[in-house]
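Observations on chain architecture
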Amino acid sequence: MAGLTLERATRRFSADRAAVDQVDLAVAEGEFLAVLGPSGCGKTTLLRLVAGFERLDDGVIRLGAETVSAPGLHVPPEDRRVGVVFQSYALWPHMTVARNVGYALEVRGLRGAEYQKRVDAALGTVGLADYAERRPASLSGGQRQRVALARCLAMDPRLVLLDEPLANLDVHLRHAMQEEFAQFHRATGATMLYVTHDQAEALALADRVAVMDGGKLVQLADPRTLYREPATVMVAGFIGKGAVVPGLVLDGHGGHATIEVLGARVTLRAPAEARPGPAHILLRPEALSLTAGDGIAATVRRIVYQGAQNAVELAPAAAPEQTLHWLAPADASPKPGDALRLAVADGWVIPKP
Ligand SMILES: Nc1ncnc2c1ncn2[C@@H]1O[C@H](COP(=O)(O)OP(=O)(O)OP(=O)(O)O)[C@@H](O)[C@H]1O
Ligand SMILES: [Mg+2]
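Read on for an overview of the structure. (Residues numbered from 1 in each chain as written. Chains lettered and ligands numbered in written order. Predicted model: local features only at pLDDT ≥ 70, side-chain atom pairs only at ≥ 80, totals over all residues. Heavy atoms only, no water.)

1. What to know about the site of ligand 1
Under the convention used in this document: Each residue is tested against the molecule or strand, and it is near if at least one of its non-hydrogen atoms lies within 4 Å. Definition of a polar contact: a pair of N or O atoms within 3.5 Å, with one able to donate and the other able to accept a hydrogen when the atoms are protein atoms, and with sequence-neighbouring residues admitted only if both atoms are side-chain atoms. To be clear on the numbers: accessible area is Shrake-Rupley with a 1.4 Å probe, and residue cover counts the displayed protein chains and nothing else.
As a matter of local geometry, ligand 1 sits amid F13, R17, A19, P38, S39, G40, C41, G42, K43, T44, T45 and E164. Note that an oxygen atom of ligand 1 is positioned 2.8 Å from one of the backbone N or O atoms of G40. In this structure, G42 approaches ligand 1 through a main-chain N or O atom, which is 3.0 Å from an oxygen atom. Summarising the interface, the protein chains cover 57% of the accessible area of ligand 1, which totals 650 Å² for the free molecule.

Encoded structure:
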């Protein structure tokens, strides 16, 4: 399979706003990249640009070494060898599973042994070899999605694009299918671009995640970096749980900074360029713990029982309009209205825009 490069890729549906706005992105050969962001941020448009269903207004898209989109150049979708799997599986109800998988090959004039070999291999890869003669109506949602995946594989694509392929499935099946996608990726070594608005899905599946906001790519990083070092307040709020609160950087030194936050003075992780002054601070629930000493004074607002632990929402005394999240061990049982102090073991100073 081939890698994918976007340079300043831009698509405007109206004069005043770009749905995809100057996106620079390089996906390595064999990489599983998730594109994540809220509804309307431009994920599907980005994917349609790569597939060739949309034309670029500006910029360049390359598949491997081949330029497929540029000003004055547009390779049509059928000549890109890009496989696309949508949320709606778009299977032909009157055709068998095997014929659904092979139909595009048939249209291309493939017949006989080569045709059969490609269909069998694709069905084998997704674990549906025994379902070849069934019709889509007699399959589960997850199995139908696997037929769509096999159909895309049979075309021997250079790149596989998936647009929220699990959005139609219930929570339980989503988890099972996530594992199948991961396995599919390991088995095929395919370069994959996987669009989702589910951050847990993106973090679980992808080598790297591209977060989009308002048509722009705001951060491209591996899941751990995205969680620990979000580039913007939007990313911090979108990935994982936590509170983004106002703080004051007193001084920065070698990736750390001394911060005054919600009445406590703490040392947290910070970008190398952090300078004294006001900043947004990200505090994750797992970094807070009960203390008898110095810490953030807060009042318990709400407790959600979660079995092994309790999710606790608190109002900090220094800024009661803010909400802190803390994971309290099951044996610590605070009650709404309790006043307590929280030590801060870790946190992140969000970079200035
Ligand atoms: N064909 C079109 N004509 C005009 N505007 C469009 C068209 N397609 C998309 N848009 C607009 O472009 C923006 C991005 O849409 P897009 O479908 O890419 O978002 P998305 O991130 O996939 O959202 P969702 O998570 O809801 O699927 C939206 O504001 C949308 O209304
Ligand atoms: Mg979409």
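Still more to cover.
2. Remarks on the nonpolar core
Put simply, the test is: We call a set of buried residues a nonpolar core when its members are Ala, Val, Leu, Ile, Met, Phe, Trp, Tyr or Cys and they connect through side-chain atoms within 4.5 Å of each other. For the exposure calls, accessible area comes from a 1.4 Å probe over protein chains only, and a residue counts as buried if that area is under 20% of its type's maximum, exposed if over 50%, partly exposed in between. The way it works is that DSSP assigns letters per residue, a run of H or I at least four long becomes a helix, a run of E at least two long becomes a strand, and they are numbered from the N terminus. A contact between two residues is defined here by any heavy atoms of the two lying within 4.5 Å.
With 46 residues, the main nonpolar core has V101, L123, L162, F181 and V209 as its most contacted residues. Of the residues forming this core, the biggest block, seven residues, is contributed by helix α4 (residues 141-154). Excluding its chain neighbours within four sequence positions, the residues that come into contact with F181 are F32, Q145, L149, L162, P165, L166, Y194 and L205. One finds A243, A264, A270 and V344 within the second-largest nonpolar core, a separate group that totals 29 residues.

3. Notes on the pattern of salt bridges
A pair can form between side chains of opposite charge whenever their charged atoms are brought close. Here is the rule: Salt bridge criterion: a side-chain nitrogen from Lys or Arg within 4 Å of a carboxyl oxygen from Asp or Glu.
Taken as a whole and judged by the stated rule, the model has 17 salt bridges. Here R62 makes a salt bridge to E7, at a shortest N to O gap of 2.6 Å. Of the two residues, R62 sits in strand β4 (residues 58-63) while E7 sits in strand β1 (residues 4-12), which places them 55 residues apart along the sequence. A relative accessible area of 28% places E7 in the partly exposed class. R265 is paired through a salt bridge with E260; the nearest N and O atoms lie 3.1 Å apart. Residue class for R265 comes out exposed when judged on its relative accessible area of 59%. Overall, the relative accessible area of 32% leaves E260 in the partly exposed class. By sharing partners, the salt bridges in this structure join R11, R48, E54 and D57 into a single network.

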